[in-house]
Amino acid sequence: MSIWSYLALAAEPPEAIFRALMRPAAAGPVVTADPADLASQLVRFALDPIQLEILRSPARYIALCCHRQWGKTQCAALKAVHLAIYRPGAEIILVAPSLRQSGALLRAIYQFLDALQIPVKRDGLNRLSMLLPNGSHIVAIPNTSDTVRGFSNVSLIIIDEAAFIKDETYRAVFPFLAASNGNLLLLSTPNGQTGFFYRAVHEPQNGFVRFQVRASESSRLTPEFLSMARLELGDAYAQEFECSFTMGEEQIFDRDLIDQALDPIIQAFR
Ligand SMILES: Nc1ncnc2c1ncn2[C@@H]1O[C@H](COP(=O)(O)OP(=O)(O)OP(=O)(O)O)[C@@H](O)[C@H]1O
Ligand SMILES: [Mg+2]
C-alpha cells in the first residue's frame, strides 16, 4: 500500500481502514490455456457459442463474417489479450481501415488489460502501441502498404473491417506471418464481391476456417430493431446485417453470375 492510500484512508471509518489493511496484495491475473476462462473475468455477459469457438480455435487462419454489432471487435480483443498474457513476448499486429478504427480495437484491448491491472506503456516507436511487462507487444498499423514493413516474428495479425482494407495492405502484412507460423484473424461485414476478405470467405480451398452469423439468426437483435434497420438502411441492410456480399458499385456484373457463367457444370445444363 502506498503512502497516498494511507492518507486517503484517514478520512474513512475504522472498519473500512481495517478492511483495506487486510486486503491481500493484488495478485496477477490467473490465465489458463483456455481463453474462455479469461474472457469470463472480463465481460459481464455470456459469450455466444461461436464467440467461444473462435476464442478457443487453434486454427491458423480464421475469417469471421458477422452482422454489425455482433461482437467481432470485442471477440478479437479478448483473443489478443489472452495471447499477449499467456505467451510472453507475443507480437500482435492490428490493422483496420483507419487508425481511428484500429485505435478502437487497441482501446478495447487496453481496457481489458487495465481491468486485469496489467500496466502497459508505449513502445517508443509506434503511436498506437502497447508493451506489456512480459514483453508482449501490440501495435496498430495503418491501412497502407508503404509504412507497414519491418515487423517480424508476428504471433497474430488481426484485421478488423477486413472487407474495407486494401489488398495492397494485406499483401504487405501477410508475409509477417512467414517465419513465426503466426495466426491471422479476419473480421468484417461484407463489402462487395472483390478483395481478400471476399476470397477468404468464398474460396473453399484457401485454408481459412470460416464463421458466419447473420442478424436473422442472432438471438441478440430483436425483430423490431431488424425491421426498422431494413427500412432505414435499404439496400445496405443485406450487407450490414445479413452477411450478403452484394455487388459493389464499381462492379458491372454480379459475382455469382460471373461464377455461373464460368462454371462448366452449369454451362452443360444450358
Ligand atoms: N455475447 C454477447 N452478449 C451480449 N453483448 C455482447 C456479446 N458480444 C458482444 N456484445 C456487445 O455487443 C456490442 C458490440 O460489440 P463490438 O463492437 O465488438 O461488435 P462489432 O461486431 O465489432 O460491431 P461493428 O460491426 O459495429 O464493428 C458491445 O457492446 C459488446 O459488449
Ligand atoms: Mg467492430
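For the structure, see preceding data.
Since we're looking at a predicted model, the values are computed, not measured.

A. Representation of the overall build of the chain in the model. A tally of regular secondary structure across the chain gives 12 helices and seven strands. Buried residues in the chain amount to 32% of all 270 residues. Taking contacts inside the chain between residues at least 6 apart in sequence as the whole, the part at least 24 apart equals 70%.

B. Structural context of the site of ligand 1. Ligand 1 sits among 14 residues. The nearest are Phe45, Gly71, Lys72, Thr73 and Gln74. For the shell around ligand 1, the leading source of residues is helix α5 (residues 72–86), giving three residues. Counted by class, the shell around ligand 1 contains four nonpolar, six polar and four charged residues.

C. Up close: the pairing of strand β2 (residues 91–95). Of all five residues making up β2, five are buried, and the element is well covered by its neighbours. Of the two faces of β2, the one holding Glu91, Ile93 and Val95 and the one holding Ile92 and Leu94 are both buried throughout. Relative to strand β4 (residues 137–141), β2 is paired through five bridges, and the arrangement is parallel. Counterpart to Leu94 in the pairing with β4 is Ala140.

D. Representation of helix α3 (residues 35–42) within the structure. Residues Pro35, Leu38 and Ala39 constitute the buried set of α3. Axial view of α3: buried residues confined to an arc of 100 degrees, hence all on one face. Looking at the packing, one finds that the buried side of α3 touches α4 (49–56) and α5.

E. Quick look at the sheet that holds strand β3 (residues 129–131). Ordered in space as β3-β4-β2-β5-β6-β1-β7, the seven strands form an open sheet in which the pairing is mixed. Two strands close off the open sheet at either side, each with one partner strand: β3 and β7 (209–213). Ignoring which end each strand starts from, the neighbouring axes of this sheet average 10 degrees apart. Here five bridges tie strand β1 (residues 61–66) to strand β6 (residues 183–188), and the two strands are oriented parallel to one another. Across the sheet, the residue bridging to Tyr61 is Leu184, located in β6. Lying over the sheet, α5 contacts β1, β2, β4, β5 (156–160) and β6, oriented at roughly 165 degrees with respect to β5. Sheet strands touched by helix α6 (residues 99–115): β2, β3, β4 and β5. Its angle to β4, the strand with the most contacts, is close to 160 degrees.

Cut-offs and rules
- Residues numbered from 1 in each chain as written.
- Chains lettered and ligands numbered in written order.
- Predicted model: local features only at pLDDT ≥ 70, side-chain atom pairs only at ≥ 80, totals over all residues.
- Helix = DSSP H or I, 4+ residues; strand = E, 2+ residues; numbered from the N terminus.
- Buried ≥ 20, exposed ≤ 12 C-beta atoms within 10 Å, placed from the backbone.
- Contact = placed C-beta atoms within 7 Å.
- Near = placed C-beta within 6 Å.
- Nonpolar A, V, L, I, M, F, W, Y, C, P; charged D, E, K, R; others polar.
- Pairing = 2+ DSSP bridges.
- Arc of directions from axis to C-beta.
- Axes fitted to C-alpha atoms, helices over the stretch in contact; angles between N-to-C directions.

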